[in-house]
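So you can see what is in the structure, the chains are spelled out below.
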Amino acid sequence: MKLQRKNMLRASALGALVVSGALVLTACGSDDNTKANGSGSSAPAATGDIKCDGATGKLLASGSSAQKNAVDVWIKNYMAACKGVEVNYKSSSSGEGIVAFNQGTVGFAGSDSALKPEAVEESKKICKGGQGINLPMVGGPIALGFNVPGVDKLNLDAATIANIFNDKIKKWNDEAIKKLNPGVELPDLAIQAFHRSEDSGTTENLGKYLKATAGDAWPYEAAKKWPAPGGQAASGSAGVASMVKQNAGAVGYFELSYASAQGIKTIDVNTGAAAPVAATADNASKAIAAAKVAGTGSDLALKLDYATKAEGAYPIVLVTYEIVCDKGNKAETLPTVKSFLTYTSSEAGQKVLSEKGYAPIPAEINAKVREVVASLG
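All of the points below concern the structure found in this document. Within any chain, residue numbers begin from 1 and follow the written order of that chain's sequence. Thresholds applied to this predicted model are a pLDDT of at least 70 for local features of residues and 80 or more for the giving and counting of side-chain atom pairs; totals over whole chains, interfaces and linings are not thresholded and use all residues. The side-chain values count all of the structure's non-hydrogen atoms but skip hydrogen atoms and water molecules.

A word on the state of the cysteines
Criterion for a disulfide: a pair of cysteine sulfur atoms at a distance within 2.5 Å. For the structure on display, the rule yields two disulfides. Covalent S-S linkage joins Cys 52 and Cys 82, the inter-sulfur distance amounting to 2.0 Å. Taking the torsion about the sulfur-sulfur bond, which here is approximately -100 degrees, the covalent link between Cys 52 and Cys 82 counts as left-handed. Of the two residues, Cys 52 is situated in the loop between β2 (48-50) and β3 (58-63) and Cys 82 in the loop between α2 (68-81) and β4 (86-91); the sequence distance between them amounts to 30 residues. Neither Cys 52 nor Cys 82 differs from the other in exposure class; each is buried. Put simply, DSSP H or I for four residues or longer makes a helix, DSSP E for two residues or longer makes a strand, and each gets a number counted from the N terminus. The rule is simple: take the accessible area with a 1.4 Å probe, protein chains only, and divide by the maximum for that residue type; under 20% is buried, over 50% is exposed, in between is partly exposed.

Quick word on the packing of aromatic side chains
Stacked, tilted and edge-to-face are the three classes assigned to paired rings of Phe, Tyr and Trp, where Trp is represented by its six-membered ring and a pair needs centres within 6.5 Å; plane angles under 30 degrees give stacked, over 60 edge-to-face, the rest tilted. One pass over the full model with this rule turns up seven aromatic pairs. Pairing Tyr 78 with Phe 340 gives two aromatic rings, centres 5.2 Å apart and planes at 85 degrees, and the pair type is edge-to-face. Of this pair, Tyr 78 sits in helix α2 while Phe 340 sits in helix α11 (residues 334-344); the two residues are 262 residues apart in sequence, bridging distant segments of the chain. Classification of Tyr 78 by relative accessible area gives buried; the value is 0%. A residue is classified by how much of its surface remains accessible, and Phe 340, at 2% relative accessible area, is buried.

So, the packing of α2 against α11
A fitted line through C-alpha atoms represents every axis, and for helices the fit uses only the stretch in contact; the resulting angles, taken between N-to-C directions, go from 0 to 180 degrees. α11 packs onto α2 with a crossing angle of 115 degrees between their chain directions and a minimal axis gap of 10 Å. Once α2 is placed against α11, the crossing between them reads as right-handed. Residues Trp 74, Ile 75, Asn 77 and Tyr 78 of α2 pack against Thr 336, Ser 339, Phe 340, Tyr 343 and Thr 344 of α11. Residues that form the contact of α2 with α11 fall into these classes: five nonpolar, four polar and no charged. Whether a crossing is left-handed or right-handed is set by the direction in which the near helix is turned from the far one by less than a right angle, anticlockwise for left-handed and clockwise for right-handed. Whether two residues touch is decided by their heavy atoms; if any such pair falls within 4.5 Å, the residues are in contact. Just so you know the grouping, Ala, Val, Leu, Ile, Met, Phe, Trp, Tyr, Cys and Pro go in nonpolar, Asp, Glu, Lys and Arg go in charged, and all remaining residues, Gly too, go in polar.

Considerations on the nonpolar core
Generally speaking, a soluble globular protein has its nonpolar side chains buried in company with each other. Residues Phe 165, Trp 172, Ile 177, Tyr 209, Trp 218 and Val 251 are the most contacted members of the largest nonpolar core, which totals 64 residues. Here this core gets five residues from one element, more than from any other, and that element is helix α5 (residues 158-165). Formed by 36 residues, the second largest nonpolar core is a distinct cluster that contains Ile 50, Trp 74, Val 337 and Tyr 343. To define a nonpolar core, start from buried Ala, Val, Leu, Ile, Met, Phe, Trp, Tyr and Cys residues and group those joined through side-chain atoms within 4.5 Å.

Considering helix α3 (residues 94-102)
With seven of nine residues buried, α3 is to be regarded as a mostly interior element. Where α3 is concerned, the buried positions are Ser 94, Gly 95, Gly 97, Ile 98, Ala 100, Phe 101 and Asn 102. Considering only its buried residues, α3 is in contact with β3, β5 (108-111), α4 (117-123), β6 (132-147), α7 (201-213) and β15 (317-325). Of the residues one or two after α3, Gly 104 is the one with positive phi, at around 80 degrees.

What about the pattern of salt bridges?
Salt-bridge detection follows one rule: a side-chain nitrogen of Lys or Arg within 4 Å of a carboxyl oxygen of Asp or Glu. Counting across every chain of the model gives eleven salt bridges. Across the pair Glu 175 and Lys 178 runs a salt bridge, and its minimum N-O distance is 3.3 Å. Here Glu 175 pairs with Lys 178, and both are found in helix α6 (residues 175-180), just three residues apart, close to one helical turn. Relative accessible area serves as the criterion here: at 39%, Lys 178 is assigned to the partly exposed category.

Describing α2
To estimate how far a helix should reach, multiply one less than its number of residues by 1.5 Å. End to end, α2 covers 20 Å across 14 residues, agreeing with the expected 20 Å (1.5 Å per residue, within 8%). Those residues of α2 that sit buried are Lys 68, Asn 69, Ala 70, Val 71, Asp 72, Val 73, Trp 74, Ile 75, Asn 77, Tyr 78, Met 79 and Ala 81.

This is the structure:
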């Protein structure tokens, strides 16, 4: 009986540790992920067999906060399998990640938009004999989160979204919003629109959607820097989500995983299809599936159709790229970069995305990603 009781207590303690770990994983938490133990080896992980393939030491990466919740899961699984390897991803912004990559301080960068030609040219200084390339790794919807007391469901079209973020529509009971939401009691409440304070690929992708669909209501070119007057700024997707959660009348944009984690309601988008489309991973997948590869050679930058009217396709999407050198990666971190990205682009690595509110990269494109990862030098 004593032995049985001892085993029961041990099982209870282990269960508590598992629950605690899960809670830590789903929280936004720190931007850094640094843990190490044991020595380099290959071992099965919960999401499939991860091949460590000579990975060792510490790998630094930084960039897009959009993919942070996905990268957190990948790092947890990868480091559990590859003992002694540290992967540290600093969630900041796409712009900061690209700068760090072109300064040679990280093994790879995450960006929600493909490298611009000038950034590719600059990367050649770091990628000796090669250049920076874009590997699509994470897809998903950019959710428009809102906090309007008494309102649980809200539909908006592109022009109305543009006028809200362009400081033209200032109250939630504006006629334009009422027209799109018949029967909904909209309060006489000031709109507080939040945007990213730093250069952001999420901002650029929202801008691409509005530029393609909102007409004269959005006269700005898509860019990482927020272009419109008015509104309030917050740092990172986590910061924008936090401001929306805390402030009545608030609206902001961030990846769906942030809305899910904080219980923030999201706007359905009227695309011209038969019904407004909700921000879900499945609906984003329908839009991303139509993407075409626009890059050449090893570069797999994608062209997305932000103006899609396909039934059930959520149009405000992003694809996060991992940016690496096609040739000329640092010899000391190349095995770890290849090993880690082999896992993230694997069937098992992609499978965990939908569990976190992201959309896996379409299989045909992802197969090309794996080929390129294997060829990195």
